[in-house]
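Observations on the model geometry
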Amino acid sequence: STPSFSSAIWCAMAHQIALEKEGVLFGAGPVSGEDGTRKHGMIIVRADSFEQARAIADRDPFHKAGLRSYSVDRWSLNEGSLTFTVNFSDQSVRTA
């Protein structure tokens, strides 16, 4: 039987955390419309090819269970900035 969304969420979160720790996951989160209605999610991974990106997506628990579908698109980071402070003494991080 197909697992429910609520039972799959914990497996999906653990999977995304593992991808993050492996250095594969760049970012993930919901995409919402102007009125705040959630439209879909977006996961940005580091992959050398579309085939590698599909293999990463195919391992996602939601996709494996048939609870979500995905598309693979190339994304290029061309502009922007990132500012943060890492305090090595207590391993805290502060973003600006």
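A brief structural summary. (Residues numbered from 1 in each chain as written. Predicted model: local features only at pLDDT ≥ 70, side-chain atom pairs only at ≥ 80, totals over all residues. Heavy atoms only, no water.)

**A closer look at the packing of aromatic side chains**
- Under the definition given, this model contains 1 aromatic pair.
- Where Phe26 meets Trp75, the ring centres are 5.6 Å apart and the plane angle is 50°; that geometry is what we call tilted. With Phe26 in strand β1 (residues 25-32) and Trp75 in the loop between α3 (61-64) and β3 (84-87), the pair connects residues that are 49 residues apart, well separated along the chain.
- Residue class for Phe26 comes out partly exposed when judged on its relative accessible area of 44%.
- Relative accessible area serves as the criterion here: at 48%, Trp75 is assigned to the partly exposed category.
- Directly above the aromatic system of Phe62 lies the positively charged group of Arg68, at a separation of 4.2 Å from the ring centroid. (Phe/Tyr/Trp six-rings, centres within 6.5 Å; stacked < 30°, edge-to-face > 60°. Helix = DSSP H or I, 4+ residues; strand = E, 2+ residues; numbered from the N terminus. Buried < 20%, exposed > 50% of the residue type's maximum accessible area, 1.4 Å probe, protein only. Lys NZ or Arg CZ within 6 Å of the ring centre and 35° of its normal.)

**Overview of helix α1 (residues 5-21)**
- The end-to-end C-alpha distance of α1 is 24 Å, a good match for the 24 Å that 17 residues give at a rise of 1.5 Å each.
- Among the residues of α1, Ala8, Ala12, His15, Gln16 and Leu19 are the ones counted as buried. For α1, the angular spread of buried residues about the axis comes to 100°, placing them on one side. Turned more than 90 degrees off the buried face of α1, the exposed positions are Ser6, Trp10 and Lys21.
- Those residues of α1 that are buried are in contact with β1, β2 (38-45), α2 (50-58) and α3.
- Taken from the residues just after α1, Gly23 is the one with a positive phi, measuring 85°. (Expected span 1.5 Å × (residues − 1). Arc of directions from axis to C-beta. Contact = heavy atoms within 4.5 Å.)

**Quick look at α2**
- Among the residues making up α2, those that are buried are Ala53, Ile56 and Ala57. Mapping the buried residues of α2 onto a view down its axis gives an arc of 95°, with all of them on the same face.
- Contacts from the buried residues of α2 go to α1, β2 and α3.

**A closer look at the side chain of Asp60**
- By the secondary structure assignment, Asp60 is in the loop between α2 and α3.
- Despite its burial, Asp60 pairs with no opposite charge, the nearest such side chain being Arg68 at 6.0 Å. (Lys, Arg positive; Asp, Glu negative; His and termini not counted. Salt bridge = Lys/Arg side-chain N within 4 Å of Asp/Glu carboxyl O.)

**Some words on the environment of Ile43**
- Inspection of the secondary structure puts Ile43 in strand β2.
- Taking the relative accessible area as the measure of exposure, Ile43 reaches 40% and is therefore partly exposed.
- In this structure, the C-alpha to C-alpha distance between Ile43 and Asp60, residues 17 residues apart in sequence, is 11 Å.
- For Ile43, the contacting residues outside a window of four places in its chain are Gln16, Leu25, Gly27, Ala28 and Asp60.

**What about a nonpolar patch on the surface?**
- Taken together, Leu82, Phe84, Val86, Phe88 and Val93 make up a surface patch of nonpolar side chains, about 590 Å² in accessible area.
- Its location among the elements puts Phe84 in strand β3.
- On the accessibility criterion, Phe84 (46% relative accessible area) is partly exposed. (Patch = residues over 30% accessible without salt bridge, like charges linked within 9 Å, V, L, I, M, F, W, Y side chains within 5 Å. Areas by Shrake-Rupley, 256 points an atom, 1.4 Å probe, with all protein chains shown as cover.)

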